[in-house]
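# Survey of secondary and tertiary structure
Residues per chain, in single letters:
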Amino acid sequence: MRKNNQFYARRIHRFLGVFIGIQFIFWTISGLYFSWTDIDEIHGDQFHETHMMHQSVGDLVNPGSLDSTLEISTMELRFVIHQPYYWVNETQLYNAKTGALHEQISEAEAKEIAQIYIKGDYGIRKAEYLTETGSHHEYRGRPLPAWAIHFEHPENLTAYIDAKSGDFERVRHRSWRWFDFLWMFHTMDYAGRDNFNNLLLRVFSLAGLAAVGSGFTLFFMTRKKKKRA
């Protein structure tokens, strides 16, 4: 009976080792990368230019006079290219000095915003207008439409500007893309990369626990046999 137990324990351990071995390699590689990188650099903080607005905000129009049909539930005063704007109901942008509705951020404005918030004097390679993004896109889950401003930079630097509000949303670069790629293998969410509670990860986690358990079982089985011998 003892021999049969060892036989089945070895079979289970070998099967689980082959089944989850490759994923264990990906977990280890991605974990090493995460632990050896600075998360602030991955986020691109080293490329951000911080700007504090010290400009006078006098002579602003009364928000109640913007549009007689407009029902304001939320309103924020913000600066876009150093000019004051009302961001109303998180959908509409009004010039706070003229009251005019700013329909959308133009390509030229998006480039200027990107250059304001990105450190260094880099040339712009191209501007891309985004109306949709896939589940693997580096700008996934963020406000659309948006402008992607691609800079001439060794890190393939890209800044993303909200085309409605004029917000500087994100900056992406090569190191972040490597992080994102390895994150997909770490979470095992091959559909969208960000779901840490997916079924595949749970199955492999339980399989890994079973592999460790079978390994301990074999250790104690063979240890007892050697002692008796």
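Note that residues are indexed from 1 along each chain, following the sequence as it is written. Local features in a predicted model are, by the rule used here, given only for residues with pLDDT of at least 70; side-chain atom pairs are given and counted only at 80 or more, and totals for whole chains, interfaces and linings are based on all residues. With hydrogens and water stripped out, all remaining heavy atoms of the structure feed into the side-chain values.

## Observations concerning the sheet that holds strand 4 (residues 101-102)
Filter applied, for reference: For two strands to be treated as a pair, DSSP must find at least two bridges joining them. Counting from the N terminus, the helices are the DSSP runs of H or I reaching at least four residues and the strands are the DSSP runs of E reaching at least two.
Pairing within the open sheet is antiparallel, and its 4 strands lie in the order 1-2-3-4. Each of the sheet's edge strands pairs with one partner strand only, and the pair in question is strand 1 (75-80) and strand 4. Pairing analysis gives 4 bridges linking strand 2 (residues 83-88) to strand 3 (residues 92-95), with the strands arranged antiparallel. Bridging across to strand 3, Trp87 finds its partner in Leu93.

## Some thoughts on unusual backbone geometry
Which entries qualify depends on this criterion: The cut-offs for exposure are 20% and 50% of the maximum accessible area for each residue type, with area from a 1.4 Å probe on protein chains only; residues under the lower value are buried, those over the upper are exposed, and the others partly exposed.
In the segment running from Leu144 into Pro145, the intervening peptide bond is cis, with an omega of 0°. Following the sequence through the fold, Pro145 ends up in the loop between strand 5 (124-130) and strand 6 (146-151). Of note, the phi angle at His82 is positive, near 70°, even though the residue is not glycine. Along the chain, His82 turns up in the loop between strand 1 and strand 2. By relative accessible area, His82 is classed as partly exposed at 35%.

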